[in-house]
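As a plain string of letters, each chain reads:
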Amino acid sequence: MSTEAEKDWQAWRAERERSVSRPSGPLALTGTHWLADQPGGRIEGVPGRWAEDGDAVLLTADAQDGLSLDGVPLVGEARLGADAAPETSRVTHGDRRLVVLRREGLWAVRVFDPHSEALRAFAGIDAFPYDARWRLTGRFRPYEQGRTVQVENADGRERGLGLGGELAFTVDGAEHTLQAAVEADGSLWAVLADATSGTESYRFRFLRPPAPAADGTVTVDLNRTLLPPCAFADHFICPFPPPGNTLPFALRAGERQLSGG
């Protein structure tokens, strides 16, 4: 008989598959175009002229470009800030969403296409079976001051990864720690690898525990280890695990890879 925790996990799994297969989910990403690399502000396959303009992007469009801004056809110029998420992108081209991105002071345009090949081919996410032994009580130990480490990203470049503390938990009597970031809502985010990475599972994965309690305790449910966005589309620039975030055991829990991958 399934426990409540396992039923919650099954519901989480179903919602996760719905989320990644949304028309603006990670499977819909078909391109990330850095404006510094686009001569004359022209992006192949994307209408309009896109130019860096200090703390914004200047978009210039003609009627024949077929672009809309906030649902209204755009003719002329518009200054754009970074979009919070694909769903909030201000610029659309037909049913494609053109998302303005700012990373490390550089501007880019991301294209989310609900008719992407990856979306059409999506057959689900393979996961290890639920195992209650991987649902642990851990403790978060915040650093006195946040720190930034340089890590390689999926696009081959090194970038800074902000870290707020250590997430500690015990497996088979031994304590293990992961360096973790603290999100705006207090929840945690860790990038990790383990002995299954690159063989039984994707080369690295994410873990997103909830905000710790006042005493630092936090549920560490390794059954909810996630595939990173770059497992769904090559155009994401996910960070690799920082030094010390490779677990020395086989974590046969959580998402493994895309079905058929």
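See above for the structure.
A brief structural summary. (Residues numbered from 1 in each chain as written. Predicted model: local features only at pLDDT ≥ 70, side-chain atom pairs only at ≥ 80, totals over all residues. Heavy atoms only, no water.)

Overview of the overall build of the protein chain
For clarity, the cut-off: In this description a helix means any DSSP run of H or I spanning at least four residues, a strand means any run of E spanning at least two, and both kinds are numbered starting from the N terminus. Note that the radius of gyration is over C-alpha atoms, with the globule rule given as 2.2 Å times the number of residues to the power 0.38. We call a residue buried when its accessible area falls under 20% of the maximum for its residue type, exposed when it is over 50%, and partly exposed in between, using a 1.4 Å probe and counting protein chains only.
Within the protein chain, the regular secondary structure consists of 2 helices and 17 strands. A globule of 261 residues ought to have a C-alpha radius of gyration of about 18 Å, and the protein chain, at 20 Å, matches this closely. Seen along its three principal axes, the alpha-carbon backbone of the protein chain occupies a region of about 65 × 45 × 35 Å. Relative to its 261 residues, the protein chain shows a buried fraction of 47%.

A closer look at the environment of Arg-256
For clarity, the cut-off: Any two residues whose heavy atoms approach within 4.5 Å at even a single point are treated as in contact.
Turning to its location among the elements, Arg-256 is positioned in strand 17 (residues 255–258). Classification of Arg-256 as partly exposed rests on a relative accessible area of 21%. Remark: the alpha-carbon pair of Arg-256 and Ala-127, spanning 129 residues in sequence, is separated by 4.9 Å. Dropping the residues within four chain positions of it, Arg-256 is found in contact with Asp-126, Ala-127, Phe-128, Glu-200, Ser-201, Tyr-202 and Leu-227.

Here we look at the side chain of Ser-24
Test applied: Throughout this description, a polar contact denotes any pair of N or O atoms lying within 3.5 Å of each other; where both atoms belong to protein, one of them has to be capable of donating a hydrogen while the other can accept it, and for residues adjacent in sequence the pair is counted only when both atoms sit in side chains.
One can find Ser-24 in the loop between helix 1 (4–20) and strand 1 (29–34). Taking relative accessible area as the criterion, Ser-24 reaches 9% and is therefore assigned buried. Within polar-contact distance, the side chain of Ser-24 engages the side chain of Glu-87 at 3.2 Å. Here Ser-24 is in contact with Pro-86, Glu-87, Arg-97 and Phe-112, once residues within four sequence places are set aside.

Things to note about the nonpolar core
Under the convention used in this document: Buried Ala, Val, Leu, Ile, Met, Phe, Trp, Tyr and Cys residues form a nonpolar core when they are joined through side-chain atoms within 4.5 Å.
Counting 30 residues, the largest nonpolar core has Phe-204, Phe-206 and Phe-232 as the members making the most contacts within it. Sorting the residues of this core by element identifies helix 1, strand 11 (135–152), strand 12 (158–171) and strand 14 (188–192) as the ones contributing at least two each. Broken down by element, this core gets its largest block of residues, 3 residues, from helix 1. Counting residues in hydrophobic clusters, the runner-up holds 19 residues, among them Leu-136, Phe-169, Leu-188 and Ala-253.

Some words on the pairing of strand 3 (residues 57–61)
As a reminder of what qualifies: Pairing between strands is defined by DSSP: at least two bridges between them are needed.
Across the two faces of strand 3 the burial differs, with Val-57, Leu-59 and Ala-61 buried and Leu-58 and Thr-60 not buried at all. In the sheet, strand 2 (residues 49–52) pairs with strand 3 via 4 bridges, with the strands oriented antiparallel. Within strand 3, the residue paired with Arg-49 across the bridge is Thr-60. Here strand 2 hands over to strand 3 after 4 residues, with Gly-54 in that stretch at a positive phi of 70 degrees.

Concerning the environment of Asp-8
Tracing the chain through its elements places Asp-8 in helix 1. Assessed through its relative accessible area of 45%, Asp-8 is described here as partly exposed. Note: C-alpha distance between Asp-8 and Gly-198 (190 residues apart in sequence) is 28 Å.

A closer look at the pairing of strand 11
The sheet contact formed by strand 11 and strand 16 (residues 217–221) spans 5 bridges and is antiparallel. Each residue of the ladder has a partner; that of Gly-138, found in strand 16, is Val-218. Where strand 11 lies against strand 12, 10 bridges are found, and the strand directions are antiparallel. Looking at the pairing, Thr-148 lines up with Gly-162 of strand 12. What sits between strand 11 and strand 12 in their antiparallel hairpin is a turn of 5 residues, with Gly-156 showing a positive phi close to 90 degrees.

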